[in-house]
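Take a look at the letters that make up each chain.
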Amino acid sequence: MARERKFNTVELFHEAKQLLLQHGYDGFTFSLLADRMEVSRAALYKYYDNKEELITDFMIYEMEEFLHELKEIENLEGFERQFDFLIDLIFKKTEVHELIRAAQHVMARMEATLTNKEKLEKLPLDMYKFLQRFILLGKEEGKLKKHIPDGLIIGFILQTVAIPNHFGISKADWIDSIKEVISHGMFMNK
């Protein structure tokens, strides 16, 4: 009998991510993952009982990575620099919205440990805390309108990554235009 190919968690999560993006939650299977990694399904079952457990651990890993990068926002002085950093970060991580959909499926079918479920639920709150400080800075510096709810501002910024670029505008021009629309609006001042 041949020896099973060894793999690490980073490789496993990378391949799982590619399959989730390609096939979505419902199309993701251990068979596809095993084929892609050139290992047996049994090798995967040594680590995870089912796809929900694997996807939960993967989502925790992805969100922790995103939070680690997001923490860098606090090292930047001034709201405008932080704004540029945040927009660049979310466009660097454009697949986040696809992965969030997969996480919602997992949460609905959650069979993972209670600890993992709690951690998966807590991580978006940690992200929101960092973004809340960013919004407060914008309001303190007079860059953001104080009457607009913080959650709406955060949601609006984060959802810009989901706007489809049907016309093939270059990524740099697309991001610059989104920054302009968010910071200055799209109406001409009269």
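Above this text you will find the structure in question.
Residue positions within a chain follow its written sequence, with the count starting from 1. Per-residue local features are limited, in this predicted model, to residues with pLDDT of at least 70; the limit for side-chain atom pairs, both in listing and counting, is 80 or more; totals at the level of whole chains, interfaces and linings are taken over all residues. By convention in this description, side-chain values take in all heavy atoms of the structure and omit both hydrogens and water.

Digging into the pattern of salt bridges
We apply this condition: Note on definitions: salt bridges are taken to be side-chain nitrogens of Lys or Arg within 4 Å of carboxyl oxygens of Asp or Glu. Helix numbers and strand numbers start at the N terminus; a helix is a DSSP run of H or I with at least 4 residues, a strand a run of E with at least 2. Burial classes follow relative accessibility: with a 1.4 Å probe on protein chains only, a residue under 20% of its type's maximum area counts as buried, one over 50% as exposed, and anything between as partly exposed.
In total, this model carries nine salt bridges according to the counting rule given. Here Lys 179 and Asp 84 are joined by a salt bridge, their closest N and O atoms 3.5 Å apart. Taken as a pair, Lys 179 in helix α9 (residues 171-184) and Asp 84 in helix α5 (residues 79-92) lie far apart in primary sequence, 95 residues in all. Overall, Asp 84 belongs to the partly exposed group, its relative accessible area being 34%. Lys 179 is paired through a salt bridge with Asp 88; the nearest N and O atoms lie 3.2 Å apart. Of the two residues, Lys 179 sits in helix α9 while Asp 88 sits in helix α5, which places them 91 residues apart along the sequence.

Things to note about the side chain of Gln 132
Inspection of the secondary structure assignment puts Gln 132 in helix α7 (residues 114-140). Among the residues examined, Gln 132 registers a relative accessible area of 18% and is labelled buried.

Things to note about helix α4 (residues 51-70)
Worth spelling out the cut-off: What a helix should span is 1.5 Å times the count of its residues minus one. Polar contact is defined as a pair of N or O atoms within 3.5 Å, subject to the rule that within protein one atom must be able to donate a hydrogen and the other to accept it, and that residues adjacent in sequence are counted only when both atoms are side-chain atoms.
The terminal C-alpha atoms of α4 lie 28 Å apart, and with 20 residues this matches the ideal 28 Å at 1.5 Å per residue to within 8%. Within α4, 15 of the 20 residues are buried, which leaves the element mostly enclosed by the surrounding structure. If you check the start of α4, you find a side-chain oxygen 3.1 Å away from the backbone N of Glu 52, and it comes from Asn 50.

Observations concerning the packing of aromatic side chains
Short version of the rule: Each aromatic pair joins two rings of Phe, Tyr and Trp (for Trp, the six-membered one) with centres within 6.5 Å, and gets the label stacked for planes under 30 degrees apart, edge-to-face for over 60, and tilted for any other angle. For a Lys NZ or an Arg CZ to count as sitting over a ring, it must be within 6 Å of the ring centre and within 35 degrees of the ring normal.
Summed over all chains, the structure comprises six aromatic pairs. Considering the side-chain rings of Phe 79 and Phe 134, the 4.7 Å spacing of their centres and the 20 degrees angle between planes classify their relative orientation as stacked. One end of the pair, Phe 79, is in helix α5; the other, Phe 134, is in helix α7, with 55 residues separating them in the sequence. Each member of the pair, Phe 79 as well as Phe 134, is classed as buried. Cluster of aromatic residues (ring-pair linked, three or more members): Phe 13, Phe 58 and Tyr 61. The residue whose ring lies beneath Lys 51 is Tyr 25, and the NZ or CZ to ring-centre distance is 4.2 Å. Of note, Arg 133 hangs over the ring of Phe 130, and the distance from its end group to the ring centre comes to 4.8 Å.

Brief notes about unusual backbone geometry
Across the chain, the bulk of peptide bonds are trans and the bulk of non-glycine residues have phi less than zero. Of note, the phi angle at Glu 38 is positive, near 60 degrees, even though the residue is not glycine. Assignment of secondary structure puts Glu 38 in the loop between α2 (30-37) and α3 (41-45). Note on Glu 38: relative accessible area 63%, which makes it exposed.

Quick look at the packing of α4 against α5
Rule in force here: Only the contacting stretch of a helix is used when fitting its axis, a line to C-alpha atoms as for every element, and angles between N-to-C directions run 0 to 180 degrees. Should an angle fall under 35 degrees it is taken as roughly parallel, and over 145 as roughly antiparallel, whereas 65 to 115 is taken as roughly perpendicular and any remaining angle as oblique. Two helices crossing with the near one rotated counterclockwise from the far one by less than a right angle form a left-handed crossing, whereas a clockwise rotation gives a right-handed crossing. Here, two residues are considered to be in contact whenever any of their heavy atoms come within 4.5 Å of each other. All amino acids are sorted into three groups, where Ala, Val, Leu, Ile, Met, Phe, Trp, Tyr, Cys and Pro are nonpolar, Asp, Glu, Lys and Arg are charged, and the leftover types, Gly among them, are polar.
Relative to each other, α4 and α5 sit at 155 degrees, their axes nearing to 11 Å. Taken together, the axes of α4 and α5 lie roughly antiparallel to each other. Handedness of the α4/α5 crossing: right-handed. Across from Phe 66, Glu 69 and Leu 70 in α4, the residues of α5 making contact are Phe 85, Leu 86, Leu 89, Ile 90 and Lys 92. The class makeup of the residues in the contact of α4 with α5 is six nonpolar, no polar and two charged.

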